[in-house]
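# Structural description and commentary
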Amino acid sequence: MSAVEKDEDGFYNPEAKPEENEPASAEDKAAESATDLMKNSFDVMVTLADQQANPDSPLFSVKTFEELGLSKDLLQGIYAMGFSKPSKIQERALPLLLANPPTNMIGQSQSGTGKTAAFVLTMLSRVDFSIHKPQALCLAPSRELARQIMSVVTAMGKFTNVQTEYAIKENLPRNATTITAQIIVGTPGTMTDLIRRRVIDVREVKVLVLDEADNMLDQDGLGDQTLRVKNQLPPGQVQIILFSATFPDHVRSYADKFAPRANKIELRKEELSVDGIRQFYMDCKNEEHKYDILVSLYSLLTIGQSIIFCQHRHTADRIAARMTAEGHKVASLHGAKDASERDSIIDGFREGKDKVLITTNVIARGIDILQVNMVVNYDLPLMSERNKLSDERPDIETYIHRIGRTGRFGRKGISINFVHDKRTWLQMEQIEKATGKKIIRIETNDIDEMEATMKKALK
Ligand SMILES: Nc1ncnc2c1ncn2[C@@H]1O[C@H](COP(=O)(O)OP(=O)(O)OP(=O)(O)O)[C@@H](O)[C@H]1O
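Since we're looking at a predicted model, the values are computed, not measured.

## Here's the deal with the domain arrangement of the chain
Domain annotation for the chain reports domain 1 (18–33 + 273–458) and domain 2 (40–269). For domain 1 and domain 2, the distance between their C-alpha centres works out to 27 Å. Counting residues at the interface gives 32 residues for domain 1 and 35 residues for domain 2. Approximately 2700 Å² of surface area, both sides summed, lies buried where domain 1 meets domain 2, with 52% of it carried by carbon and sulfur atoms. Interface area lost by domain 1 to domain 2 is led by Arg365, Arg386 and Phe409, which between them contribute 26%. Our enumeration of links across domain 1 and domain 2 arrives at seven salt bridges. Its salt-bridge partner being Asp214, residue Arg365 comes within 2.9 Å of it at the nearest N-O pair. Secondary-structure elements contributing two or more residues to the side of domain 1 that touches domain 2 are helix H13 (339–350), helix H14 (383–387), helix H15 (396–403) and helix H16 (422–435). No other element matches the six residues that H13 contributes to the side of domain 1 that touches domain 2. Its residues assigned to classes, the side of domain 1 that touches domain 2 shows 12 nonpolar, eight polar and 12 charged.

Right under this line is the structure:
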C-alpha cells in the first residue's frame with residue numbers, strides 16, 4: 001500500500017510517513033521531487049528523535065505513554081499509529097485530563113505538536129463502551145477537521161469497542177432517529193441541531209471538547225452555536241476541554257467562563273509558532289504579478305505538497321481555473337462547495353493526487369498533512385474576514401494557524417507571504433512584530449536563487 005492511500009477506517013494511515021511515498025509518475029521531474037522528499041523525511045526521522053530528547057522542544061517529554069495512565073487497549077492503538085513517546089503537551093495534559101474527579105482544561109500548544117491525541121485519548125478513556133449512548137462530544141470549526149479528528153478517534157480506538165458518529169452536514173439521513181454511538185465529532189451548527197431534535201440524547205454526556213477553541217468561542221466566529229451546544233448539556237456533569245495553538249486575550253476571559261476552574265497550560269507570546277517553519281516574503285509589483293510569481297513557483301510547490309491561502313473564494317477559484325487552463329494541476333477548496341465535493345477534494349489532496357491546494361481560511365486550522373512543506377499566503381489574513389467589518393488589521397491568529405499547516409511534529413516547512421503594496425507590507429510587518437519571528441525577503445526576479453533559498457530552508 002502506498003503511504004498515502006486510504007485505509008479501511010478512512011483516510012488516516014498510521015504508516016503515512018512521507019519517506020514511503022512512491023514517485024507519482026515516471027517523469028524525471030516527479031522522480032527527482034520524490035527523491036528530494038525522501039531525503040527530507042529521512043532527516044526528519046533522525047531529527048525527531050533529537051527533538052524529543054531536547055527539553056526546549058515542544059515535542060520533548062520525560063515520560064512514556066505507559067506512565068500516563070492509559071488503558072492497555074489505548075496503548076496498543078497509540079503504538080499501532082507509530083507513536084513511541086508523548087510530546088510535551090501530551091505529557092503535561094494527559095495526567096490532568098484523566099485525573100478524577102474530572103477537571104476542565106484549557107490547553108495551548110503550538111501547531112502540529114499533538115493536541116489531538118491528548119483530547120482523543122481523554123474521550124476514549126472516559127467512555128463506558130458497554131453503554132450505547134453518546135458520552136463524548138467533540139466540536140471543530142470545519143467538516144474537514146471533524147473528519148480528520150474522527151480518523152484519529154478510530155485509529156486510536158481501534159482495539160476498543162468504541163462506536164462513533166459524525167455531526168456534520170449531509171452525513172445522517174434527514175429522518176435519523178437516535179444515535180447510539182459513544183463519541184460524536186462534528187461542527188457546532190449540526191451538533192446543536194441534532195441535540196435539539198433529540199437525535200443525540202445528551203443525558204450520558206460527560207466530555208465536551210472544543211478543538212480550535214479560540215475560534216469556536218469567538219463571538220465573531222462560531223461562538224453562538226458552540227454556546228448553544230454547551231447549554232443543551234446536563235449542567236455540572238461535563239468535563240470541558242478547550243485546545244488551541246492560540247488564545248488571543250479577548251477570548252481568554254470568555255474561555256475561563258466557558259470552562260470554569262480549568263487546569264491551564266499556556267504558551268508565552270514568543271513561543272507561539274514552531275521554529276521548524278521558515279518564513280519568507282516576496283515583494284510583488286501588483287495583484288497580477290502575484291499570479292505570475294505563483295505560477296513561476298509551481299515546480300517548488302510540487303516538491304512536496306503546498307497550500308495556497310486566498311482571502312476570497314472567488315480568488316481561489318479564479319487562480320485554480322487559470323492555472324489549470326495553463327496546464328498545471330491544482331485543486332481548489334472552500335466553503336461554497338457542496339459537502340461531497342469538499343470531502344473528495346480534501347481526500348484527493350491527502351492521498352497526494354493533487355499536490356497544490358488553493359483555498360481560503362476554511363482549512364487554515366487543524367488540518368494535518370505531513371507532506372505539506374510549503375504554505376503560501378497569496379493574500380494575508382485580515383481581521384475583516386473574521387469580524388466582517390472593514391478592518392484592515394492582519395489576523396495574527398489565523399496567520400499562525402495557516403503557516404502551521406506545514407512543519408508538523410518537528411518537520412521542516414516554509415511559508416511565503418505575497419505583499420504587493422505599502423498596505424500589505426505594513427500588515428506583514430505587524431505580523432512579524434506580533435509573532436517575534438523574522439520574515440525574510442526572497443527576490444522575485446531570480447528564480448534560481450529563489451529555488452536555492454527555499455530548498456536550503458527545507459534541508
Ligand atoms: N507522540 C507522538 N509521536 C509521534 N507523532 C505524533 C505524536 N503525537 C502526535 N503526532 C503526530 O503529529 C502530527 C500533529 O498532531 P496534531 O494534528 O494533533 O497537532 P495539533 O497540535 O493538534 O496541531 P494544530 O494546532 O495545527 O491543530 C500528527 O500527524 C500526529 O499523528
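## A look at the packing of aromatic side chains
Under the criterion given, the structure shown has four aromatic pairs. Ring geometry for Phe65 and Tyr79: centres 6.3 Å apart, planes at 80°, overall edge-to-face. Highlighted residues: Phe65 in the loop between helix H1 (28–52) and helix H2 (72–80) and Tyr79 in helix H2, separated in sequence by 14 residues. Phe65 sits in the buried class, given a relative accessible area of 0%.

## Regarding the site of the ligand
Neighbouring the ligand are 22 residues; Lys85, Gly112, Thr116, Asp368 and Arg408 lie closest to it. At a separation of 2.6 Å, an oxygen atom of the ligand approaches a polar side-chain atom of Asp368. Contact distances for the ligand include 2.7 Å between an oxygen atom and a side-chain N or O atom of Arg408. Surface burial for the ligand is 92%, taken as the share of its 640 Å² of free accessible area covered by protein chains. Looking at the shell around the ligand residue by residue, the classes come out as seven nonpolar, nine polar and six charged. Domain assignment of the residues forming the shell around the ligand places at least three in each of domain 1 (18–33 + 273–458) and domain 2 (40–269).

## A look at the sheet that holds strand E7 (residues 263–265)
What the seven strands build is an open sheet, ordered E3-E4-E2-E5-E6-E1-E7; its pairing is parallel. In the strand order of this sheet, the two ends are held by strand E3 (164–167) and E7, each with one partner. Looking at each pair of strands side by side, their axes are set apart by 15° on average, direction ignored. When strand E1 (residues 105–108) meets E7, the two strands line up parallel, connected through three bridges. What sits directly across from Gly107, in E7, is Ile265.

## Some details on the sheet that holds strand E11 (residues 356–359)
With respect to topology, seven strands assemble into an open sheet ordered E10-E11-E9-E12-E13-E8-E14, the strand pairing being parallel. Unpaired on one side and paired on the other, strand E10 (331–333) and strand E14 (440–442) mark the two borders of the sheet. Taking each pair of neighbouring strands and ignoring which way they run, the sheet shows an average axis angle of 25°. Two strands pair when backbone bridges link them, and E10 and E11 are joined in this way by three bridges, in the parallel orientation. Pairing of Ala331 across the sheet is with Leu357, part of E11. Across the sheet, H15 is in contact with strand E8 (277–283), strand E9 (305–309), strand E12 (372–377) and strand E13 (413–419); its angle to E12 comes to roughly 150°.

What counts and what doesn't
- Residues numbered from 1 in each chain as written.
- Predicted model: local features only at pLDDT ≥ 70, side-chain atom pairs only at ≥ 80, totals over all residues.
- Heavy atoms only, no water.
- Domains from an automatic or database assignment.
- Contact = heavy atoms within 4.5 Å.
- Buried area = accessible area lost by both parts, 1.4 Å probe.
- Salt bridge = Lys/Arg side-chain N within 4 Å of Asp/Glu carboxyl O.
- Helix = DSSP H or I, 4+ residues; strand = E, 2+ residues; numbered from the N terminus.
- Nonpolar A, V, L, I, M, F, W, Y, C, P; charged D, E, K, R; others polar.
- Phe/Tyr/Trp six-rings, centres within 6.5 Å; stacked < 30°, edge-to-face > 60°.
- Buried < 20%, exposed > 50% of the residue type's maximum accessible area, 1.4 Å probe, protein only.
- Near = heavy atom within 4 Å.
- Polar contact = N/O pair within 3.5 Å; in protein donor to acceptor, adjacent residues only side chain to side chain.
- Areas by Shrake-Rupley, 256 points an atom, 1.4 Å probe, with all protein chains shown as cover.
- Pairing = 2+ DSSP bridges.
- Axes fitted to C-alpha atoms, helices over the stretch in contact; angles between N-to-C directions.

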